[in-house]
Amino acid sequence: MLNYKNALKFVSEKEINNIAGEVLAAKEKLLNKTGLGNDFLGWVDYPEKEVFTDFERICEAAKRIRQDSEVLLVIGIGGSYLGAKAGLSMLSPYFLKSSGTKVIFVGNTLSPAYSKEILDYLQDKDFSINIISKSGTTTEPAIAFRLFRNLLQNKYGASSNKRIYATTTIGKGVLYRVAKEKGYEIFPIPEDIGGRYSVLTAVGLLPLATSGIDIKAIIEGAQAERRACLNQPYLKNDALLYAAIRNILYRKGKEIEIFVTYEPKLKYLGEWYKQLFGESEGKSGKGLFPASVIYTTDLHSLGQYIQDGKRILFETVLNIEKPEKDVLLEAEAGDFDGLNYLSGKMLDIVNKQALKGTVLAHVDGNVPNLILNLPEISAYEFGRLVYFFMFACGVSGYLLGINPFDQEGVEAYKKNMFALLGKPGYEALSEELKKKL
């Protein structure tokens, strides 16, 4: 998967070998659960065991939703939706209708216009709800759940509870209590798996299965990548080498990592990547800043800065080796646009040469490039990629000397928002903030 030859101008093989001890020690912290945040390492082994406890029930629920609903409304924010959104975007056709129920994500924004338009859209649609929250009290999804549960109750009356599926912590929290009282079907969020590492649990699998995606293939891909991460020796272990090289670059002043794709449907994979690494590594004044772009589109906006701007960045490029579909370019009479030199070529060839040309230009411009080669876009490869990034992120966090599995910084804005909205218990902070505004 990993090709790092375009980083060797900036990172030597000797440096990669010299950091091996640190990397292997970080790996052992993950596997032996001896590092910071070790109570949130359930994801490491999850593809091999616990997932199958609920696998059949997830498939049955997805089938039931497809039978009685045109739309599944997935309510969640952050890790409660980004993994599923990434998989859905990556694995669905651009414009053709998928084989499953339409999945719409809400509760990830406080935009009144967005919420009102979906409320209007659902007026004449049969729909179900999948509310995803460990606590049930996170502001954005809690507000959305109020709004859309009321609409569901108005449409279906007493039977509405059978259309609500709660993915939450078992035995704890407001959402679990309400789900038990109302009789919602409940799927677990394992207590030892944080939101951004939860894609391979019911958090991601129920929405994906409902949309018609082969979640068995996703799990099989994750299992294969897990075996590679755990068993391959250092110099053949792509996840360990990726963690090593990105940390060497960081220590040399490369403070920004840009995740690059050449396929628009991978946009939300970039969004999930940004949350995974941003929340995991951005602590104690440390960590690479994660960004994402889609080329060649963004070469016409950010390309100038990446080529000639401040030299504090590197790129990790995802290359899809076999396109899902392709187009033949034919000759045009008169060659009015000067493109006849491309006649007889497939469009993917043009895209691939753009990738190669961009990598060469950026490396010449002192931007290191790492290439991740993925054979194709498929459910299996999505599972592989998700596990690859999660494992590399855990190792990378330990190399930084931080806890990759907490996110206390996320709470800062919430306290201010609660105070400004007049939530009980925040009166003192409210007065303090009023003086600043």
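Everything here concerns the structure above.
The present account deals with the structure reproduced in this document. Quick caveat, the model's predicted, so the values are computed rather than measured.

## Some points on the sheet that holds strand β8 (residues 289-294)
Here's step 1: The five strands are arranged β1-β10-β9-β7-β8 in an open sheet whose pairing can be described as mixed. At either margin of the open sheet sits one strand with a lone partner, and together these are β1 (2-3) and β8.
Here's step 2: In the packing of helix α11 (residues 267-281) onto the sheet, the strands contacted are β7 (256-261), β8 and β9 (313-322), and the crossing angle to β8 comes to about 175 degrees.

## With respect to the nonpolar core
One recurring pattern in soluble globular proteins: nonpolar side chains tend to sit buried together.
Here's step 1: Within the largest apolar cluster, 108 residues are counted, with the highest numbers of intra-cluster contacts made by Trp43, Trp272, Phe382, Tyr387, Phe389 and Phe391.
Here's step 2: Counting residues per element, this core draws most heavily on helix α14 (residues 379-400), which supplies 14 residues.
Here's step 3: Every residue in contact with Trp272, bar those within four places of it in the chain, is listed here: Leu82, Gly83, Ala86, Arg196, Val199, Val386, Phe389 and Met390.
Here's step 4: Of all hydrophobic cores here, the second largest spans 25 residues; its members include Leu122, Tyr156, Ala179 and Ile186.

## Observations concerning the packing of aromatic side chains
Here's step 1: Throughout the structure, instances matching the rule amount to 21 aromatic pairs.
Here's step 2: Here the aromatic residues Tyr242, Phe259, Trp272, Tyr273, Phe277, Phe388 and Phe389 are joined through ring pairs into a cluster of three or more.
Here's step 3: Note that Arg163 overlies the ring of Tyr156, its terminal NZ or CZ placed 4.0 Å from the centroid.
Here's step 4: The ring of Tyr94 has Lys265 sitting right over it, with the charged end atom 5.1 Å from the ring centre.

## Overview of helix α7 (residues 173-182)
Here's step 1: The complete set of buried residues in α7 reads Leu175, Tyr176, Val178 and Ala179. Buried positions in α7, seen along its axis, are confined to an arc of 165 degrees and lie on one side of it. Among the exposed residues of α7, those pointing more than 90 degrees away from its buried face are Lys180 and Glu181.
Here's step 2: Along its buried surface, α7 packs onto β4 (127-132), α6 (139-156), β5 (164-168) and β6 (185-188).
Here's step 3: Looking one or two residues beyond α7, the residue adopting positive phi is Gly183, at roughly 85 degrees.

## Some points on the pairing of strand β10 (residues 369-376)
Here's step 1: Both β1 and β10 contribute to a ladder of two bridges, which runs antiparallel. Along β10, the bridge assignment pairs Leu2 with Leu372.
Here's step 2: Bridging between β9 and β10 involves seven bridges; their strand directions are parallel. Bridging across to β10, Val317 finds its partner in Ile371.
Here's step 3: A crossover links β9 with its parallel partner β10, the connecting element being helix α13 (residues 347-364), and its sense is right-handed.

## With respect to the sheet that holds β6
Here's step 1: Taken in spatial order, the five strands of this open sheet run β3-β2-β4-β5-β6, and their pairing is parallel. Both edges of this open sheet fall to β3 (102-106) and β6, since each of them pairs with a single strand only. If you compare each strand with its neighbour and ignore which way they point, the axes differ by 20 degrees on average.
Here's step 2: Here strand β2 (residues 71-75) pairs with β3 via five bridges, running parallel. By the bridge assignment, Leu72 is partnered in β3 with Val103.

Cut-off values and rules
Residues numbered from 1 in each chain as written. Predicted model: local features only at pLDDT ≥ 70, side-chain atom pairs only at ≥ 80, totals over all residues. Heavy atoms only, no water. Pairing = 2+ DSSP bridges. Helix = DSSP H or I, 4+ residues; strand = E, 2+ residues; numbered from the N terminus. Contact = heavy atoms within 4.5 Å. Axes fitted to C-alpha atoms, helices over the stretch in contact; angles between N-to-C directions. Core = buried A, V, L, I, M, F, W, Y, C linked by side-chain atoms within 4.5 Å. Buried < 20%, exposed > 50% of the residue type's maximum accessible area, 1.4 Å probe, protein only. Phe/Tyr/Trp six-rings, centres within 6.5 Å; stacked < 30°, edge-to-face > 60°. Lys NZ or Arg CZ within 6 Å of the ring centre and 35° of its normal. Arc of directions from axis to C-beta. Right-handed = clockwise from strand over helix to strand, strands pointing away.

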